[in-house]
Structures are given as C-alpha cells and as structure tokens.
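What the coordinates show
What follows is each chain in one-letter form.
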Amino acid sequence: MEKESHLWATCSAACPVHTDTREYVRRISMGDYEGALDVLLEVNPFPSVCGRICHHPCESQCRRQVIDAPVGLRLLKRFVVENTREYRVQRRRDTRKQPPKGKKVAVIGSGPSGLTAARDLALLGYQVTVFEKDSVLGGMLAHAIPRYRLPMDALQEDIDDILAVGIEARLNCEVGKDVLFESVKKEYDAVLIAVGLAESHSLPIPGIGSKGVLLGIPFLWDVANGERPFLGDRVMVIGGGNVAVDVARAAKRLGPSTVMMACLESREEMPAWKWEIEEAEEEGISIMNSWGPKAVLERDGKTTGIEFKRCVRVFDENKRFNPQYDEMETTAVEADSVILTIGQKANLDFLKGTPVTVDRGRLICDRDSCTATERGVFTCGEVMTGPGSAIQAIATGHDAARAIHHFLETGETLKLPQVSVETIGELPAQTAARARRFDRVEVNLVEASARIRDFSPIEPGYTEAQALAEARRCLACATGAVLDSGAQCAGCLTCVRVCPFGVATVERTAVMPAQQCQTCGLCAAECPAAGIALARFATNKMKENLEGFLKDCSPGAMKRPLVVSYCCMYEATTREYLREQSQREIEATGILRVMVPCVGRLSAIDLVSPFELGADRVAIIACREHGCMYTGAEELLERRIQMVRRFLDEVGVGGASLQFYRTETSAEASWPRFWQDSKRVLGELSAA
Amino acid sequence: MSQDNGMKSGSNLEKVFRAGHLAVTCECGPPKGADVEHLKKKIQMIKGYVDAANVTDNQTAVVRMSSIGASAILAQNGVEPVMQMVTRDRNRIAAQSDLFGAYALGIRNMLCLTGDHQKFGNHPFAKNVFDMDSIQLLNMVRTIRDEGKVNSGDPVEGGVSMFFGAAANPFADPFEFRVIRMAKKIHAGADFIQTQCIYDMVRFKEFMKMARDMGLHEKAFIMAGLTPLKSVGMARYMNRNVSGITIPEAIIKRLAGVPKERQAEEGIRICLEQIEELKEERGIRGFHIMAIEWEEKIPEIVERAGLYPRPAVA
Amino acid sequence: MIVADPKPFQQIRGFLEDYRKILVLGCGTCVTVCLAGGEAQAELLASGLRISFSKDGKEATVLEDTVQRQCDEEFVLPVLERVKREGIDAVVTLACGVGVNFLSDRIGAIPVFPGVNTTFYGGNVEPGLWSEMCAGCGDCITHLTGGICPIARCSKHLLNGPCGGSEKGMCEVDPQNTECVWQLIYERMKLLGRLHEMQNLIPTKDWRPAMDGGVRRSVREHIFRLQYKSGAGA
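What you are looking at is a predicted structure, and each value in this text was computed from that prediction instead of being measured.

**Examining the overall build of chain B**
- Of regular secondary structure, chain B possesses 11 helices and 8 strands.
- Here the C-alpha radius of gyration of chain B, 19 Å, is about what a compact globule of 314 residues would show, namely 20 Å.
- Overall size of chain B, expressed as C-alpha extent along the three principal axes, is 60 × 45 × 40 Å.
- Among the 314 residues that make up chain B, the fraction classed as buried is 52%.
- Within chain B, contacts between residues separated by at least 24 positions form 80% of all contacts whose residues are at least 6 apart in sequence.

**Overview of the overall build of chain C**
- Helix and strand counts for chain C stand at 7 helices and 9 strands.
- Dimensions along the principal axes, computed over C-alpha positions, put chain C at roughly 65 × 50 × 30 Å.
- Taking all 234 residues of chain C together, the buried fraction comes to 41%.
- Taking contacts inside chain C between residues at least 6 apart in sequence as the whole, the part at least 24 apart equals 57%.

**A look at the sheet that holds strand β27 (residues 658-662) of chain A**
All names here are of chain A.
- The parallel open sheet is built from 4 strands, whose spatial order is β25-β24-β26-β27. The sheet is open, and its two borders are formed by β25 (591-596) and β27, each paired with just one other strand. Pairs of neighbouring strands in the sheet enclose a mean axial angle of 20°, with direction left out of account.
- Two elements, strand β24 (residues 563-568) and strand β26 (residues 617-622), share 5 bridges in a ladder whose sense is parallel. Bridging across to β26, Val564 finds its partner in Val618.
- Packing of helix α25 (residues 633-651) onto the sheet brings it into contact with β26 and β27, and relative to β27 it is tilted by some 160°.

**Description of the sheet that holds strand β1 (residues 2-6) of chain C**
All names here are of chain C.
- Taken in spatial order, the 3 strands of this open sheet run β1-β6-β7, and their pairing is antiparallel. Every interior strand has two partners, whereas the edge strands, β1 and β7 (129-134), have only one. Between one strand and the next, the sheet's axes are offset by a mean angle of 70°, whatever the strand orientation.

**A short note on the interface of chain C and chain B**
- With 24 residues of chain C at the interface, the matching set in chain B holds 26 residues.
- Broken down by secondary-structure element, the contributors of at least two residues to the side of chain C that touches chain B are β8 (166-167) and α7 (181-191) of chain C.
- Of the residues contributing to the side of chain C that touches chain B, the split by class is 9 nonpolar, 11 polar and 4 charged.

**Some points on the domain arrangement of chain C**
- As far as domains go, chain C holds domain 1 (2-119) and domain 2 (137-213).
- Summarising the inter-unit geometry, the C-alpha centres of domain 1 of chain C and domain 2 of chain C are found 37 Å apart.

**Some points on the packing of helix α6 (residues 175-188) of chain B against helix α7 (residues 201-213) of chain B**
Residues and elements named next belong to chain B.
- It is the contact of α6 with α7, at a shortest axis distance of 10 Å, that shows an interaxial angle of 50°. Overall, the two elements α6 and α7 adopt an arrangement that is oblique. Taken as a pair, α6 and α7 cross one another with a handedness that is right-handed. Across the interface between the two elements, Arg178, Val179 and Met182 of α6 pack against Phe207, Met210 and Ala211 of α7.
- Split by residue class, the contact of α6 with α7 holds 5 nonpolar, no polar and 1 charged.

**Notes on the interface of chain A and chain C**
- Residue-level contacts link 21 residues of chain A with 23 residues of chain C.
- At the level of secondary structure, the elements contributing two or more residues to the side of chain A that touches chain C comprise α20 (494-498), α24 (604-612) and α25 of chain A.
- Its residues assigned to classes, the side of chain A that touches chain C comprises 13 nonpolar, 5 polar and 3 charged.

**Examining the pairing of β27(A)**
Residues and elements named next belong to chain A.
- Bridging between β26 and β27 involves 5 bridges; their strand directions are parallel. Residue pairing across strands places Ile620 opposite Phe660, the latter belonging to β27.
- The parallel pair β26 and β27, bridged by α25, forms a crossover whose chirality is right-handed.

**Some thoughts on the environment of B:Phe100**
- By the secondary structure assignment, B:Phe100 is in helix α4 (residues 92-104).
- Each C-alpha atom, one on B:Phe100 and one on B:Lys209, is 37 Å from the other, the two residues being 109 residues apart in sequence.

**Examining the packing of helix α12 (residues 216-224) of chain A against helix α13 (residues 242-252) of chain A**
Residues and elements named next belong to chain A.
- Following both chains from N to C, one finds α12 and α13 inclined at 45°, their axes separated by 10 Å at the closest point. Here α12 is positioned oblique relative to α13, judged by the angle of their axes. As for how α12 packs across α13, the hand of that crossing is left-handed. Facing α12, whose interface residues are Gly216, Phe219, Leu220 and Val223, α13 presents Val243, Ala244, Asp246, Val247 and Ala250.
- Taken together, the residues that form the contact of α12 with α13 break down as 7 nonpolar, 1 polar and 1 charged.

Rules of the game
Residues numbered from 1 in each chain as written. Chains lettered and ligands numbered in written order. Predicted model: local features only at pLDDT ≥ 70, side-chain atom pairs only at ≥ 80, totals over all residues. Helix = DSSP H or I, 4+ residues; strand = E, 2+ residues; numbered from the N terminus. Rg over C-alpha atoms; globule rule 2.2 N^0.38 Å. Buried ≥ 20, exposed ≤ 12 C-beta atoms within 10 Å, placed from the backbone. Contact = placed C-beta atoms within 7 Å. Pairing = 2+ DSSP bridges. Axes fitted to C-alpha atoms, helices over the stretch in contact; angles between N-to-C directions. Nonpolar A, V, L, I, M, F, W, Y, C, P; charged D, E, K, R; others polar. Domains from an automatic or database assignment. Parallel < 35°, antiparallel > 145°, perpendicular 65-115°, else oblique. Left-handed = near helix turned anticlockwise from the far one by under 90°. Right-handed = clockwise from strand over helix to strand, strands pointing away.

Given below as structure tokens:
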C-alpha cells in the first residue's frame, strides 16, 4: 500500500531537485544504503559533492526543528555515498541509456549545471561533448571550493559516474580560443552555455593596482591547483559572502598570522551561511562589519593596508543593493595583501561577434525556457541565474536538458512548466509539543588550530551507528497513517483515543491529517476494522511478509524451536540485523528477524500469526527503556501483549510463547542473548 | 395515621398503635427448609414479649421457608405475624395471589419490600423479577383493600382487611430523599413504617424532624428499628459491609472498651439507652427490634426497656 | 449501540469439531466499535482457530470475511453466496445475536455459531469501557427521570427512588463500579429544578412493549412491503 498524501514533505519541496529525502532516509534506517544511493542519484548526479558542501535547504525546512533540531540530512547523504562505493561502481556499469538519437549537443563549461545537463542528455541518447577550458572537470567545484570542504576524490566520484554515461569531455579546450563558438554552433544540433560566474569583480578605488591586491576566484583557483600566491603576514579579505569566507579560510591555511574579513553588511545581513562564518571565526578570522573599502594603501607600489569608510546602509527601501556611506567615519587597517571577493561575473568574451546577445557582461536569456537569444543555444547554471548554490545549478541543468531534448525532438522552445508543490507546512506546535525530543547527532569538526594547518577535510562523516541513529529522527512527514478506502471504518474512535499526538479525528470515518501524523502506527495496530495502514513502513502486510520469508524454508531443515523475532529496527547500530536474511540462515539458526520501525505498531494479529505459520515462539524486542520515539507506545504494546498472551493461553499455544525483551545497550550487544533465552525457555516448556 | 376510627385490619399490632401504646415487634426468620420445630422454638422465645413478629421473605436472597407458610405457623402458635413480601421474586400476579392466600390463612399484617438483590444470596445466578418496586406494591395492595380492585382494575372477590407496612432507611443516600421516599410509601399505602436499625442518632433525629415537618408522623405509625450489637467485631463488620448502615465511631469505641465477654451485655445496654432516648422522640410509635440470630435476647431487652408486659388490646 | 464481549475461545473451538471449512465472519458496525467483532477480531479468531486445529491435527480451512452489517439482507447476501460457492460448512459470526439469527434464517443447512456474547445497549463512557444505558423496554420513561433510565441502570429496576443499598452514590450490588442511578437521577432532577416531581408515584409499568408482550417488531409503513421491487423490473 503506497498511498501517500499528495502533500510534499517540506524537505523535498525545499530541495531544488526535489530529492525524495524521506525515502533515502527510510532506506538508511532499513540498512539499505545502496537503495538510498539509488534514490539520491535519481535526481542528483552530485551526491558526493552535496554530501559535503550542500547548503541543505532540506534541513532548513525540516519539520523536526519545531521539536528539537532538523535531521542531519546532508551528513546522511554523505554517509550513503561513503558506504556504497563498490555498489556505485557496479551501478555505473549497469547504467541504461536510451538508443542513440543521432543528434549532438555541446556543453560549454563543466560545472555542476553543465555536467548535469550533459548526463541527462547522454542518457536520453544524445551525443554530448563537454568543453572545459581547464585540465579537470567540475568548474567551480574543482577550483573555487577549498579542498578542506570538498576533497577532490569526492568530486571525482560524481564525475566518474557522470562520464560513465558516455560523454566526450574536451579538456583544456576553451571556446573562443581553442575552438570558435560559431564552429561549435555549426557542428552541434544544440549548444548549452554553462560557463558559470568564473571571474571576480574588482573595485574602482585608489591603490587597487598595487602589488598585493588579489581577486577571490583566481586566488581560490590557484590554491586549488596547489599554488601558493604571495599573501604576506596580514591578509584582508573584502566581502561577506560564502566565497569570501572560503577565500579567508583558504588564506588562513597558507600561514599568515592575521586574516581579517571586512564587508558592507552587518553581521545579521551577511550573505554567507551562519555556520561558515562561525567556523571561520573559530579559525581565528576576525570580521569587520559595516565597512566599505575606500582606498588601498600602498607604498612603492606594494600594498600596505586598506582604508574603510563606514557603511550605514546596504539595502534600500526596495531591498535593492544600494550601499550608503558615512564618508566622515573611516578606519585604516594594515595589510600585506587584500583579496577582493565582492561578487562574480561571467567571462562571455567568446560570444563577441556571435548572434548570441550579451548586454553589459550579462548573457541575455529566458530562464523559463533556458534559452539564449539565438535558436538552438541554451543556458543554465549561474550564468543564467546569477550567484547561487551547487544544488540550484544542478536543478537548472536538469531544466536545460529537458528544454534541449524538447527542442531537438520538436524544434520548439519548451516553456518549463511552473511546478508549484503543496507542502504539508510547518509541524503544528501542539503536535510538536507532544513529540519526544531526540538530540541531533552532531559530528565534531577537527580542532580549529589543527584544521588551519593544511587543506585536509575538517568534517568527519557519520559512523554507521551515528547515521542509523540520526535517520531514526526523521518524522517521515506525510507518509503516515491512512484509512484504507475499502475498510469498514465504523468511526469507533479507537484511533483518536490511542493517538499519542492528538492527531487522529473522526469525520464520519477516521482521518489522520498528514500535517500532524507522526507515523507511530499505533492507530493502525489498534484499529478494530484493520483498516488503517501507514503509507511507508507499513506493517499491515506482516503475515504475507512472514509467509514470504518462510515459504521456501524446508520444514525438515529448519532448526527448532523457530523464533520469529520482531525487533525495533531503530536499535540497530550496524546493518547486520537490518538486512534481509537468507532462507538458509533462517533454517540454520531457527530465528526469523522482522525489523519493525517501533514494535508498538504490531497488531494483535501480527503477534499471533507467526504461530499459525509454524513459529514456536514470538520474541518481541523493543527499544531501550524509555527509548521510544512515541509517547504511549510502550504502554499500549505492553497491554496488547498481555491480551495476546491470554488469547494464546486460550488457544493452547501458551501465553509464555510470546516473549518481550527490551534492548540493552544496543541491538548487537543484547539481541543474540535474547534469542538464546527465547529458545532456551521454549526448550524447558516443551520438556515439561 | 388516619384519624377515622375505622380499623384497617383489626390486627393486634394495629390495635396496639391505635390504643396509643408504644408497639414492639421483632424479627422471626423462617428456617432454611421445612423445619417447623425450629421455627416453633423461636416462636416460644418471643411469645408474649412482642405485639407482632416480622416473618422475613427469603431475607438477603437466601432461600428459606416461604413467608406465607411461616407466618401461618406463627399465627397458629400465638404470635401475630407481619408477613414480609418482596417484589424480587414475584410479579404482580403472584404478589396479589399471595396476598389473598395470606389473608385467607389469617395473616393480617404485611410489610411490602423490594427485597435484597439476589447477588447477596445463595442464588446469585437466578433471574430476578422486579416487575414492580415496593412502593408500587404498596399502592397495589392498598388499592385491593380500599378500592376492591386488583392491579388490572378487575374487582376483588371478598374484602382484604390488612395492615400494610413499609421499611424506611434514613441512613442510605441521598439523605434528603430518604424522607421523601418514606412519604411516597405512606402515600402509596403504608400504614406503618419500620426503619432500618438506628445507630446514628443525630442523623435519625434529623430524619424524624423532616418527617414531622411533612406531617408524616401523623399519617403512619413509625417504628424505630434497633439491632443490639453482639460484639465490636459485629459492629465493625456491619459498618464496613452493610450498605445503608453507619455505626458511629463512639459506639464502636465503647464496645471495644470492654472485655470481649462483656461486649454483648454492653451492646444490649446501648440498645436499651437508644430505646429510652427514642421514647422521647415525637412521632416514634414503637420499636422494631431486629436481634439478628439472637432472638433469645428479645424477652430480656423488652423487659429491661420497661416495655413488658405487652398490653392486651381489644 | 449494541455491546458484546468475545466468547471464550475454547467454547467456540468446541462448536467446530465436526466441520472442515469454516468462515469467521466479522461485522463492521456495533461489534467493531466495541472491539469485539470487527475485521481485526475476525482475523485474530481465525488465526487462533487455525493454530488450534493444527495443534490438534485437525484438517480444516478457516476463512475470514467482514461485512458492514449482518442485520441487513443486502450486506449478508454476498456472504451467503460465498458460503454456497466455496462449500463452507460452518460459520462463526462475530456479530451480535441479531447477526447470528439473521444469518441462520437465511443460510439453509449450514450451522451459524455465535462468536461473541451480546451483552447490552450501552455507551462508550471512556476508552475501553462500555456501560449499559438502555433496556429497550419499548416505552421510554426517561422524561420522568431526568433523562436517566432506572430500568437499565438500577440493579433492581426501581422506579420510585433508591433502595437502602445506595451509599455514597454507589450501588450496593457493585459498589466499586456502578453508580446508584437514583443518586444520579436525584442530582439531575435537582439540577433541572424538577426535584419536586420525584415525590410523584410512578405507577406499575406496562411491560407489554418490552419483550414481555411477546416478540416485537417495528414497522415503517411508508416503505413497508412496497408493491414493486426496486430495480428488479418485476
């Protein structure tokens, strides 16, 4: 039963490529990391990159934050790619492409948007060539993001995947120099301009030409390529955006004793991500807010410092960038070098003299169709959108690929449909108030003093135990309880009464609003009409599942007693117990594990039917004491067990055959003991 | 109390009341079988010391000899019976039929009760009847006597001159309703009232005041119910387990304050003091002494209470 | 609502010794609401029977089904057809006694066994608790008693006030659980300003409209025995 709400989870809605967040998190919870990777790659060819550097709008919109803190989705993503490398290589080999279409597409630029479009088009059967002026693919990912944030091998994993689809990459081939745009245009059926914003803006102030003034992007480019530009001992970085922070932090790693940042914006207005600013400060970078550069100070042509004037306002009433200064308030700071990181622009010189219109350094284009002014010429990424995030660039790459595909199929321009998604909205406060709090799994960055020594990655990924613990925190929004349309709902109100979150209501029949449902499944377990199921993590087909597990086991080979063990899957710290067992393993051990997201959702019939299918014993293993996500689930389960034990007594199976355990420490540490105990007690019973 | 001179029944009990004496009744429980000799022994114990004796109707829903049969034996042996009749076990057809039969056997007093729930007896699994309640029973038998009609309205052949009584419990809840309920019984047809055994004198006097305010003491002969306590154990048991009975802490303390072998005597003294006190209570027209399984003490209590010898009325 | 309790398992098991293909039939209305005989309970009982049969080495098939109501012809017909089609030789119904009768009247030579004990007409006074509130006496007198029924809720069905067993608001027959209904009536009449009415004698009741008048039926003339059969064209 995959009947989900039409409402989007806020995380997926916030993601520019609409990653099915809940699904990959669910697969992590079930130990299916490979399946989680499949979900990621479905919409995002750069999961390794995003696992490292994505600004994770999914987390910003995570509904869990109303309860405690958002789920650590970015690190979960990273966990997936880091734990599925072999599978990913294997998967590459199995990539299926559509038959060749006999048409060619040129992609100029190999940043995230260009490569995304290239991959999509190649999979559709187009012959795709990527033109890259540098010696490596990746654009800004390869050159402008410091290695401590994005190690090269992480990027390479994604690029290898993309190239495996079958894309010709012409490295060291700059359009406009090594090959003319017009000839590319002639040779290919469509051209995609995805050159990004690879150049930094400069400033028309005195002293800007002095030796010691650098531009941000070229600086990062050099650093990424292992060069060490001269900085001196005191570095001043101008700018308050993310690139400026990257520049400052990269500069810090090159050894100067002082790195400072100065920007027009107040601390609150700074466009850089808050966490980036904090990490920079930890690394000893100080920030001067609300100062605008007035003049670079120089002596003998060498930079000696910089003079600032007070910026009193950055944005005007219309929230447009329109800085105002108090020329009277100034300050001067000594510096051996000044790095300007105040904005980026595209280098579109290669379009000079072509019919593709460029106005004041900007490519004239239509974002709704990803087209430039010339037929057959398309665009995507930051050159189209202006400065943005990697994941946003990836999204426009998909858009451009669709537009090009449509054009090549029909000869017409595709107006990309405006997809408006209806989200389930914020978690209502009254529901959040009833939810249990669970601390977010945090990773500790390398000590600031150590991380400024070099460009080694500063952030560890999740361990398996951490990833499983964090995945558990996902509320699985909008995939909760649903009344089966064919159910004999009598409006009995049992769901209303057992719902720990006060969510279920009866409006003629039971209604569990997706906005509030916490997917605990207690209503499903108690529904007397057996009419409620959960859209995901469903347990209403438990008997069929058990039959599936047992049908191929040979009764003769089965080790007795046979224990069906329902286990709280959230207690697993490795996937050893999460993976599906082989028939042989079940036969040899006499233990059939059934991993359940909260054993509280097991209905009475779930507890009885294993005996019908040949089990000698049912061992329920719940979470640790007070470890349950769901208030009330423990009490309801205990009462249900008592009821079923009485029933089993009546039936003649013996209520003692239904055993209840609580995880101690961890699944791995305690479950084998429980299974042993379960078998032992059974032996005593049958002997008696 | 009706002011006309016409007797309702001419029973001894009625005559004692109407002559202005304080009447005395007691209880005489029939045997759990047909053991007539046992019954006769009890009759001999009380004979001459009471004006009439209640014959219980399968009291506490324990099966005993029928109250009609036992009442007839009392009458034959010189003690006037007050035949109890409960609605638990008989519908209106049986009740009316039994009334006629009882009258034919010479029974002249009848106490109309709903009866204890069978849960408390030895046949808790029995089906009960409760076709009517005690008040409806009173109304029905009064109509037979005064209007000559059975419940359906059909005429009664021959008159039935009986003296009808009812029970009242001032100690059950809701207290304010207890006197209203007694009024309903009197209006329905009760000529006399026997109360539940009294220990809480404060509450009882309050009850009597309410009854007097309603003029009930002039519409029916109200008898104070008394049960001598045999021991402090009995007192505690009744306090705890019998609904509608509360024994004040002072009484329990007083019993507990004397050695076990003298507790029975102390219980009787308390009972006698209560009688003395209640003789002064306006509207009390007699005493109903329920000496549970202690019938042999009736003569002593009656004598020591100054109520012996019983008046001979014509 | 009609309230029922599950019958003891072994009693039901005892009904079925001679049968080989058994249908456990849940009912989707009252017994679902009181958690005694809905689809979930049907599944549970059927599972229990299969386990029990298997333990005893008895070869029998146990099927499950649930209909919206077992007291209406249209809902019951598909079950009757299924019973015939699949050669079912016994039915255990989890409906109230009405369902047992309703099926038995229509099913021909197939036995229908009760899977629940039908108890009373009651209300769900708190989760997991149902209390008797109506006796179906056929001549409602609650207008005299503040809307609270002494026939259903007084252990002795008294009509003229509480007996001596009313103590601290509870009934002596079950002082832990059962409120004295006359205490409730008294308080309610007081609240309604109608206490004086309690002095009136409520006369002996005419029990004919209750089951003492014989088997009862209820007729709605406006649709009773229509001359045409809807949709049948005959």
